[in-house]
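Report on the structure
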Amino acid sequence: MSAKPSPTKPAAGPVKPEGRLEWRTLLRWMQEDGLVDADQVQRTEARFAAGDSSLHPLVRLGHAGLVRAGTGKSLDLEQLTEWLASRAQMPYLRIDPLKVDVGRVSDIMSVGYAEAKRCLPVQVGLTEVVIATSEPYDRSWVAQIESHARKPVRLVLANPLEIARYTTEFYTLARSVRAATKTGEVTQIASFEQLVELGKSNKQLDANDQGVVQVVDWLWQYAFDQRASDIHLEPRRDMGVIRFRIDGVLHTVYQLPPSVMSAMTSRIKLLGRMDVVERRRPLDGRIKTRNPAGDEVEMRLSTLPTAFGEKMVMRIFDPDTAVKSLDQLGFAGHDAERWTRLTAQPHGIILVTGPTGSGKTSTLYSTLKRLATDEVNVTTIEDPIEMIEPAFNQTQVQPALDLGFAEGLRALMRQDPDIIMVGEIRDLETAEMAIQAALTGHLVFSTLHTNDAASAITRLTDLGVPPYLITATVIGVLAQRLVRTLCPTCKQPDPQVTRETLNEMLKHWRMSGGVKPYKPVGCLDCRNTGYRGRAGLYELLIVSEAVKATIHPTPDASALRRQAMHEGLRPLRLAGAMKVAEGLTTLEEVLRSTPQWEA
């Protein structure tokens, strides 16, 4: 979160009157600065004179349908706020809630005081307090806050609606945390030995305390609003830390007393039908809830004992994942056509490879969703089940019951399947069962953890699968990565990236066509990171007869890669370079996420 001066040039003359803003004064200033013409001023005055309103005058004008003089473009509330900041010679700020220390907001002023003064503390530093206000000329209260905080106050101007919204949210959260702290009297865990003893003591926390319930509800709604993919609850020695993973990057959101975090963890475990008392071993669970838009959202829960208590991670699954098109996933037209043809085959093994968090699950679910018609039986064996999909018959691995991938796959073979998805091939037994399923006329999808598509073939041989069985069953391998995409609101052209730069990075290939690279800048929409959202990079290897010749009788990885490239394989780094050329991501993102091609 950063404040910036408005690009509009301040008007000459006195710009610092005292007291609250009035809509008539703002209209006059807008006319003086050339934002609106006299006709608009007259029409607005006639409309507003008919009645009064409790709305902030800037909000009233922002909703009045005014247009910028000479251009005909509408003037919204954000533009008017930025203009006013320039006129008042104050920094303009768009509030990023992830960068506000919510726990210290109420230390500076009460909620009643904040609402009365139309202001909100947004940063409490060692040398100053930054307070966002929507009344730039009402500063009578500043000296009082400086005396209370014992630090100078720096004022910034922010959108009145944002200040009102976050004042309610931040103080409600702080109140809930205080309530939970008073009632959640939980022994602070200071070592692993104490953690074990607490687990043995069978002591149950008050997970249903109203304060704890409200904090958990806020946590989920806030995570959905911020597009988080994971929520981390991390117990520390003095304070618990909440972090969100957004677009692949972790952001610290809030700090809580250890007692409150322990009670929150118990509350979530209770809702996920997990053993609330057991804290000595890792546990798994799942919860289904709704996001602010009303869509069902699934969350997978995982706990892990640590030195200072239970760490919990909640993986949030996008409800639209299973219905994304290949274009939405990031497939280029060339690879989308080849993938569609490959997945239309009646039998064989298709492998999806990549590290954890590379989007393999999204690709598999979206593909299976398109294949799961009424005419076929789609069955899966997963560890764990990532998302519940009504179109599939899903089974979860349960090692305690001797139900592993191999045993589950053996059972699935007797369920009259057409398409089978195995969560991961981890050992020779599972690989042999997948091969048996493919040889008996089934289409099998599975995953491996390898750097690129060609390495999946050598991984199977390392597991002990004979080359002749690989060539008889494996029909394709898809390697993938996820890269952050540039924020469409603030990205700017990057003249430093040229076709020659991309060609030098690619070594063995040459880019063709136009190159329109962009660079990240940063705004509130992207949290000043310059990136918003992620897209997939794909490398698709089709196992043709010529490719089979490089596998059997002896696998030759280099020859396999060269032949696959000759037949249309585009390496991950080339797929990334194409996204850079299209202005969707950056060179740094591609180099960070993709391996160097070895021909």
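Not measured: the values here are computed from a predicted model. (Residues numbered from 1 in each chain as written. Predicted model: local features only at pLDDT ≥ 70, side-chain atom pairs only at ≥ 80, totals over all residues. Heavy atoms only, no water.)

Bringing the overall build of the chain into the picture now. On a plain count of helices and strands, the chain comes out with 23 helices and 20 strands. Over its C-alpha atoms, taken along the principal directions, the chain stretches across nearly 85 × 70 × 45 Å. Counting only residues that meet the buried cut, the chain has 53% of its 599 residues in that class. Sequence separation of at least 24 residues holds for 66% of the intrachain contacts in the chain that already meet a minimum separation of 6. Just so you have it, the chain exposes about 27200 Å², and 49% of that area is on carbon and sulfur atoms. (Helix = DSSP H or I, 4+ residues; strand = E, 2+ residues; numbered from the N terminus. Buried < 20%, exposed > 50% of the residue type's maximum accessible area, 1.4 Å probe, protein only. Contact = heavy atoms within 4.5 Å. Areas by Shrake-Rupley, 256 points an atom, 1.4 Å probe, with all protein chains shown as cover.)

Note that an α-helix has 3.6 residues per turn; residues three or four places apart therefore point the same way. All buried positions along helix H19 (residues 499-506) are accounted for by Leu 502, Asn 503, Met 505 and Leu 506. For H19, the angular spread of buried residues about the axis comes to 160 degrees, placing them on one side. Looking at H19, the residues exposed on the side facing more than 90 degrees away from the buried face are Glu 500 and Glu 504. Looking at the packing, one finds that the buried side of H19 touches helix H22 (572-581) and helix H23 (587-593). Lys 507, located one to two residues past H19, shows a positive phi value of around 65 degrees. (Arc of directions from axis to C-beta.)

Between helix H10 (residues 210-225) and helix H11 (residues 258-271), whose axes approach to 9 Å, the crossing angle comes to 75 degrees. Here H10 is positioned roughly perpendicular relative to H11, judged by the angle of their axes. Contacts from Val 212, Val 213, Val 215, Val 216, Leu 219 and Trp 220 in H10 reach Ala 263, Met 264, Arg 267, Ile 268 and Leu 271 in H11. Across the contact of H10 with H11, the residue classes tally to 10 nonpolar, no polar and one charged. (Axes fitted to C-alpha atoms, helices over the stretch in contact; angles between N-to-C directions. Parallel < 35°, antiparallel > 145°, perpendicular 65-115°, else oblique. Nonpolar A, V, L, I, M, F, W, Y, C, P; charged D, E, K, R; others polar.)

With that settled, consider empty space enclosed by the protein. Overall, the coordinates contain four cavities of 30 Å³ or more when judged by the stated rule. In this structure, the largest cavity encloses a volume near 60 Å³. Arg 227, Ile 246, Asp 247, Val 249, His 251, Arg 484, Cys 526, Arg 527, Thr 529 and Tyr 531 are the residues that line the largest cavity. Looking at the lining of the largest cavity residue by residue, the classes come out as four nonpolar, two polar and four charged. (1 Å grid on protein atoms, 1.4 Å probe; cavity = no way out; pocket = protein on both sides within 12 Å on 5 of 7 lines; lining within 4 Å. Points joined across faces, edges and corners; volume = space filled by probe spheres on them.)

Turning next to the packing of aromatic side chains. Scanning the entire structure with this criterion turns up nine aromatic pairs. Relative to Tyr 254, the ring of Trp 218 has its centre 5.9 Å away and its plane inclined at 65 degrees; by these criteria the two rings are edge-to-face. Residue Trp 218 is found in helix H10, and its partner Tyr 254 is found in strand S8 (residues 249-256); the two are separated by 36 residues along the sequence. Its relative accessible area of 16% is what places Trp 218 among the buried residues. Here a set of aromatic residues connected by ring pairs shows up, and it is made of Trp 218, Tyr 222, Phe 244 and Tyr 254. Sitting above the plane of the Phe 48 ring, Arg 60 keeps its charged end 4.1 Å from the centroid. (Phe/Tyr/Trp six-rings, centres within 6.5 Å; stacked < 30°, edge-to-face > 60°. Lys NZ or Arg CZ within 6 Å of the ring centre and 35° of its normal.)

Right, let's get into the UniProt feature "domain: Bacterial type II secretion system protein E" (unreviewed entry) in the chain. Within this numbering scheme, the UniProt entry marks residues 413-427 as carrying the feature "domain: Bacterial type II secretion system protein E" (unreviewed entry). Taken end to end, residues 413-427 is 0% helix and 27% strand, and its first and last C-alpha atoms sit 18 Å apart. (UniProt positions renumbered as here; feature names shortened; annotations may be inferred.)

With respect to the element layout, Glu 432 can be found in helix H16 (residues 428-439). When its relative accessible area of 45% is taken as the criterion, Glu 432 is described as partly exposed. Taking the C-alpha atoms as reference points, Glu 432 and Gly 464, 32 residues apart in sequence, are found 9.4 Å from one another.

With that out of the way, let us pick up the packing of helix H1 (residues 23-32) against helix H2 (residues 38-48). The relative placement of two packed helices comes down to the angle between their axes together with the axis-to-axis distance. Two elements in contact, H1 and H2, have axes separated by 10 Å at closest approach and are oriented at 170 degrees. Relative to H2, the element H1 lies roughly antiparallel. Contacts from Trp 23, Leu 27 and Gln 31 of H1 reach H2 at Ala 38, Val 41, Thr 44, Glu 45 and Phe 48. Residues belonging to the contact of H1 with H2 are distributed by class as follows: five nonpolar, two polar and one charged.

What follows is about helix H17 (residues 453-463). Burial in H17 covers these residues: Ala 453, Ala 454, Ser 455, Ala 456, Ile 457 and Leu 460. Where H17 is buried, its residues touch strand S12 (348-353), strand S16 (443-448), helix H18 (467-473), strand S17 (474-486), strand S20 (531-542) and helix H21 (557-566). One side-chain oxygen of the residue at the start of H17 lies 3.5 Å from the amide nitrogen of Ala 454, identifying that residue as Asp 452. Looking one or two residues beyond H17, the residue adopting positive phi is Gly 464, at roughly 110 degrees. (Polar contact = N/O pair within 3.5 Å; in protein donor to acceptor, adjacent residues only side chain to side chain.)

Bringing the sheet that holds strand S6 (residues 230-234) into the picture now. Here six strands make up an open sheet; going across it, the order is S8-S7-S6-S11-S10-S9 and the pairing antiparallel. Each edge of the open sheet is held by one strand with a lone partner, namely S8 and strand S9 (283-290). Going from strand to strand, the sheet's axes swing by 20 degrees on average, the running direction of each strand aside. Inspection of the sheet shows strand S10 (residues 296-306) paired to strand S11 (residues 309-317) by nine bridges, in the antiparallel sense. Residue pairing for S11: Pro 305 is matched across the bridge by Glu 310. Most of the contacts of H11 go to S11, to which it runs at about 50 degrees, and overall it touches S6, strand S7 (240-246), S8, S9, S10 and S11. (Pairing = 2+ DSSP bridges.)

If you walk across this open sheet you meet the seven strands as S14-S13-S15-S16-S12-S17-S20, and the pairing is mixed. Looking along the sheet, the strands with just one partner apiece sit at the ends: strand S14 (393-396) and S20. Ignoring which end each strand starts from, the neighbouring axes of this sheet average 20 degrees apart. As paired elements, S12 and S17 share five bridges and run parallel to each other. In the sheet register, Leu 351 faces S17, and the bridge partner there is Val 477. Sitting on the sheet, helix H15 (residues 405-412) touches strand S13 (378-382), S14 and strand S15 (419-422), and the angle it makes with S13 is about 165 degrees.

Membership of the largest hydrophobic core comes to 91 residues, with the highest contact counts inside it found for Ile 95, Met 109, Leu 219, Trp 220, Ile 231, Ile 242 and Phe 244. If one sorts the elements of this core by residue count, H10 sits on top with nine residues. Sequence-distant contacts of Ile 231, that is, excluding residues within four places in its chain, are made with Leu 219, Trp 220, Ala 223, Ile 242, Arg 243, Phe 244, Met 312, Val 313, Met 314 and Ile 316. Residues Ala 406, Ala 431, Leu 469 and Ile 551 belong to the second largest nonpolar core, which totals 41 residues. (Core = buried A, V, L, I, M, F, W, Y, C linked by side-chain atoms within 4.5 Å.)

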